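Listed below are the residues making up each chain.
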Amino acid sequence: GDQITEAPSAIDPDLPQEEKDAMAKRQGSKSASKLNVPNGISPPQIKGPSHVSPRQQYEEKTKVEKTPVAAVNGEQIGFLGAHLKLGLGDFVFYSLLVGNSSRTSVMTTVTCFVAILAGLCMTLFLLVMFRKPLPALPISITLGIIFNFVTKYTIQPFVYNLFPELLFT
């Protein structure tokens, strides 16, 4: 907005308070060009509004300090900051996969969820290494589907067959 920079007071500090108030009133009613000001003292100056676009103002408000992820031989190999974004579609597909795996058992749900998180971590690692945008779905969904089927058809039957023997031996 507009910024006002105050000039030093043109009223003599040795005057009684009543006279200072009277002078201030008179100076306030005069236009800026007719003010009697001593040498070297200028009236308040109003600076016009800064010409910053709304986009620039938004970017300044949301500016996030980029943190280097790692350095190899003194060269920074990646940054994590405001540029990492997941779309709504990614979350929809992740939730569909976890929801489908939850129909089987808690064990399948947990392994599917952990596989999706591991896939996201792998995607972030590849993002840092290749330094270009990558899709978030392929690795996470592939790992989620693999672990869903492995848990559903191998680990879960093994654990369910093992459980009665552990209980009754």
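Residues numbered from 1 in each chain as written. Predicted model: local features only at pLDDT ≥ 70, side-chain atom pairs only at ≥ 80, totals over all residues. Heavy atoms only, no water.

The next point concerns the overall build of the chain. Scanning the chain from N- to C-terminus turns up five helices and six strands. Shown N-terminal to C-terminal, the secondary structure of the chain runs as helices and strands in the order β-α-β-α-β-β-β-β-α-α-α. When the 169 residues of the chain are sorted by exposure, 14% land in the buried category. Surface exposure of the chain reaches about 13300 Å², of which carbon and sulfur atoms provide 63%. (Helix = DSSP H or I, 4+ residues; strand = E, 2+ residues; numbered from the N terminus. Buried < 20%, exposed > 50% of the residue type's maximum accessible area, 1.4 Å probe, protein only. Areas by Shrake-Rupley, 256 points an atom, 1.4 Å probe, with all protein chains shown as cover.)

Further remarks concern the nonpolar core. A general tendency of soluble globular proteins is for nonpolar side chains to be buried together. Of all hydrophobic cores here, the largest spans six residues; its members are Y94, L97, C112, I116, L120 and A136. At the level of elements, helix 3 (88–102) and helix 4 (106–130) are the ones that each hand at least two residues to this core. Sorting elements by how many residues they give to this core places helix 4 first, with three residues. With sequence-adjacent residues up to four places away left out, I116 is seen in contact with Y94, L97, V98, S140 and G144. (Core = buried A, V, L, I, M, F, W, Y, C linked by side-chain atoms within 4.5 Å. Contact = heavy atoms within 4.5 Å.)

A few words on unusual backbone geometry. At R131, a residue that is not glycine, the phi angle is positive and equals roughly 55 degrees. Position of R131 relative to the elements: it lies in the loop between helix 4 and helix 5 (137–167).

Attention shifts here to the side chain of Q156. Among the secondary structure elements, Q156 is positioned in helix 5. Residue Q156 is classed as buried on the basis of its relative accessible area of 8%. In terms of polar contacts, Q156 uses its side chain to reach the side chain of T108, at 3.2 Å. (Polar contact = N/O pair within 3.5 Å; in protein donor to acceptor, adjacent residues only side chain to side chain.)

Now for the packing of helix 4 against helix 5. The geometry of helix 4 relative to helix 5 is characterised by a closest axis approach of 8 Å and an angle of 150 degrees between their N-to-C directions. By the angle between their axes, helix 4 is roughly antiparallel relative to helix 5. In the packing of helix 4 onto helix 5, the handedness of the crossing is right-handed. Here M107, T108, T111, C112, A115, I116, A118, G119, L120, M122, T123 and L126 of helix 4 come into contact with helix 5, specifically with I139, S140, L143, G144, F147, N148, T151, K152, I155, Q156 and V159. Residues that form the contact of helix 4 with helix 5 fall into these classes: 13 nonpolar, nine polar and one charged. (Axes fitted to C-alpha atoms, helices over the stretch in contact; angles between N-to-C directions. Parallel < 35°, antiparallel > 145°, perpendicular 65-115°, else oblique. Left-handed = near helix turned anticlockwise from the far one by under 90°. Nonpolar A, V, L, I, M, F, W, Y, C, P; charged D, E, K, R; others polar.)

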